[in-house]
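# Summary of the model geometry
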Amino acid sequence: MANRFSAGYLIFDADYETAKQRALNITVEQTVEIPRDIVPAGYVEDEILGRLEALEAADGGYVAEISYSFDDVGGDFLQLLNVLFGNSSILSKTRLVWMKPCAGLDAITPGPRFGRDGLYQLAGVSGGPLLMSAIKPVGLSTSELARLAGDFACGGMDFVKDDHGLVDQKTAPFSERLAACVDAIGEANAKTGFRTRFIPNITAQGGQTLERAYEAKEKGAGGVMLAPALAGYDIARQLAADANFGLPVIAHPAFSGANVVGGDCGFSHRFYFGTLQRLMGVDAAVYPNFGGRFGFSRDECRSIVDGCSEAFSDIKPILPAPGGGMTFERVPEMKAAYGKDVIYLIGGALIRERETLVDACRRLGETVRAG
């Protein structure tokens, strides 16, 4: 199995023989995509064709472990994703739940440049938790957003990011907003001694995503945020692999919901928001917190933490960044669920206290880090 990686597929079928046949169909669909009886003997059949390695009972059906030759990938990151779940992602009652790596994976996906420990180092701490907030809403002027960013920084937030809806609108154009927020946070850090980093949203059409990433670096941003489901799954990998870029990449979940909330199809939360983000080179993954407005369960969120942190080849662990519906009152239950290796993303609950925002941020920090 040295040259083979494998994936686990939850097949929703109560009958073993039916589930087995569906699993065997996946071995063909994900590789040769021709009828099994005409697969060429020799190299194609022995190496290229997927292999059903195990079929174990699980809640709702059976999990099929299918291995693939690294030769299938052809040294291409997107082909790796295609082999994992290309055509079969269109099947109903079939869900990709996990992946096991193989030797050579780092040749096409080196993973995060910073990861969990690198983010701690940038923040000047030995461990978590870390704090992040977002400037919003769309429609505010550049000066208003920069003022928010500065206040968040004065309050001790580790990261201040753009709202995912902030792009290049006329009220706060990207370049203008970037420069203003970097300056405001820089001024705040000079006063407080904190290391708050500004994280602009670089998600854009065509080649503008990469252009904005390098503009962010040039103007002194502390990292970048993008929505891989909109910008493309290879963008983060390109940035993470580029030694000349050298900034953290934070992933936002916009447009990704249908990939994980489809019930009996799509991806497991653990794979999509954990394993896949690491394969892409993301350093921290934003996702909806349990008990908020998006309906993720505590167990699903905990599985994301596992996907972010479990041993996986030589790819670094990353930080989960749950957000959406976080309030001061919910800090104890979130601490119990997530432990210390986490970025708490809280926006609206802090902005609600706009008149005393700096104090609110400091109070949040004390609450999260108490004990």
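### A few points about the side chain of Asp 283
Mapped onto the elements of the fold, Asp 283 is located in the loop between helix 11 (269-280) and strand 11 (284-288). No salt bridge is formed by the buried Asp 283, whose closest oppositely charged neighbour, Lys 316, lies at an N-O distance of 6.8 Å. For Asp 283, the side chain forms a polar contact with the main-chain nitrogen of Gly 115, separated by 2.7 Å. Only 2.8 Å separates the side chain of Asp 283 from the backbone nitrogen of Val 249, close enough to count as a polar contact.

### Some words on helix 5 (residues 142-154)
Spanning 13 residues, helix 5 covers 18 Å between terminal C-alpha atoms, matching the ideal 18 Å at 1.5 Å per step. On the buried face of helix 5, the contacting elements are strand 5 (130-135), strand 6 (159-162), helix 6 (174-192), helix 14 (348-351) and helix 15 (357-369). Positive phi shows up at Gly 156, right after helix 5, with a value of about 95°.

### Structural notes on the pairing of strand 2 (residues 51-58)
Residues in a regular strand project their side chains so that they alternate between the two faces of the sheet. Note: strand 2 against strand 3 (residues 61-69), 7 bridges, orientation antiparallel. Its bridge partner being in strand 3, Ala 54 is matched across the sheet by Glu 65. Adjacent in sequence and paired antiparallel, strand 2 and strand 3 are bridged by 2 residues, among which Gly 60 carries a positive phi angle near 90°.

### Focus: helix 13 (residues 331-338)
Looking at helix 13, one finds that the buried residues are Val 331, Met 334, Ala 337 and Tyr 338. The arc that holds every buried residue of helix 13, seen down its axis, measures 125°, which confines them to one face. Facing away from the buried side of helix 13 by more than 90 degrees, the exposed set consists of Pro 332 and Ala 336. Close packing links the buried residues of helix 13 with strand 11, helix 12 (298-309), strand 12 (319-323), strand 13 (343-345) and helix 15.

### Describing unusual backbone geometry
Between Gly 128 and the following residue, Pro 129, the backbone shows a cis peptide bond with an omega angle of 5°. The topology assignment puts Pro 129 in the loop between helix 4 (115-123) and strand 5. Residue Lys 136 is joined to Pro 137 through a cis peptide bond whose omega torsion reads 5°. Residue position: Pro 137 is located in the loop between strand 5 and helix 5. A positive phi is found at Phe 255, a non-glycine position, where the angle reads about 75°. By the element assignment, Phe 255 lies in the loop between strand 9 (249-251) and helix 10 (257-260). Relative accessible area serves as the criterion here: at 64%, Phe 255 is assigned to the exposed category. Positioned with a positive phi, Ser 313 is a non-glycine residue whose angle comes to about 55°. By the secondary structure assignment, Ser 313 is in the loop between helix 12 and strand 12. On the basis of relative accessibility, which here comes to 39%, the residue Ser 313 falls in the partly exposed class.

### Focus: the sheet that holds strand 10 (residues 265-267)
Across the sheet, 5 strands lie side by side as 2-3-1-4-10; this open sheet has mixed pairing. Since the sheet does not close on itself, it has two edges, and those belong to strand 2 and strand 10, each with one partner. Looking at each pair of strands side by side, their axes are set apart by 25° on average, direction ignored. Pairing of strand 1 (residues 4-11) with strand 4 (residues 94-100) involves 6 bridges; the strand directions are antiparallel.

### Observations regarding the nonpolar core
Nonpolar side chains in soluble globular proteins tend to be buried together. With 98 residues, the main nonpolar core has Phe 5, Leu 84, Ile 135, Phe 152, Tyr 338, Leu 350 and Leu 364 as its most contacted residues. Counting residues in hydrophobic clusters, the runner-up holds 17 residues, among them Ile 199, Met 225, Ala 284 and Leu 319.

### A look at the pairing of strand 4
Most of strand 4 is tucked away: 6 of the 7 residues are buried. Looking at chain direction, strand 4 and strand 10 are connected through 3 bridges and run parallel. Note that in strand 10 the partner of Arg 95 across the bridge is Gly 266.

So, how was this worked out
Residues numbered from 1 in each chain as written. Predicted model: local features only at pLDDT ≥ 70, side-chain atom pairs only at ≥ 80, totals over all residues. Heavy atoms only, no water. Helix = DSSP H or I, 4+ residues; strand = E, 2+ residues; numbered from the N terminus. Buried < 20%, exposed > 50% of the residue type's maximum accessible area, 1.4 Å probe, protein only. Lys, Arg positive; Asp, Glu negative; His and termini not counted. Salt bridge = Lys/Arg side-chain N within 4 Å of Asp/Glu carboxyl O. Polar contact = N/O pair within 3.5 Å; in protein donor to acceptor, adjacent residues only side chain to side chain. Expected span 1.5 Å × (residues − 1). Contact = heavy atoms within 4.5 Å. Pairing = 2+ DSSP bridges. Arc of directions from axis to C-beta. Axes fitted to C-alpha atoms, helices over the stretch in contact; angles between N-to-C directions. Core = buried A, V, L, I, M, F, W, Y, C linked by side-chain atoms within 4.5 Å.

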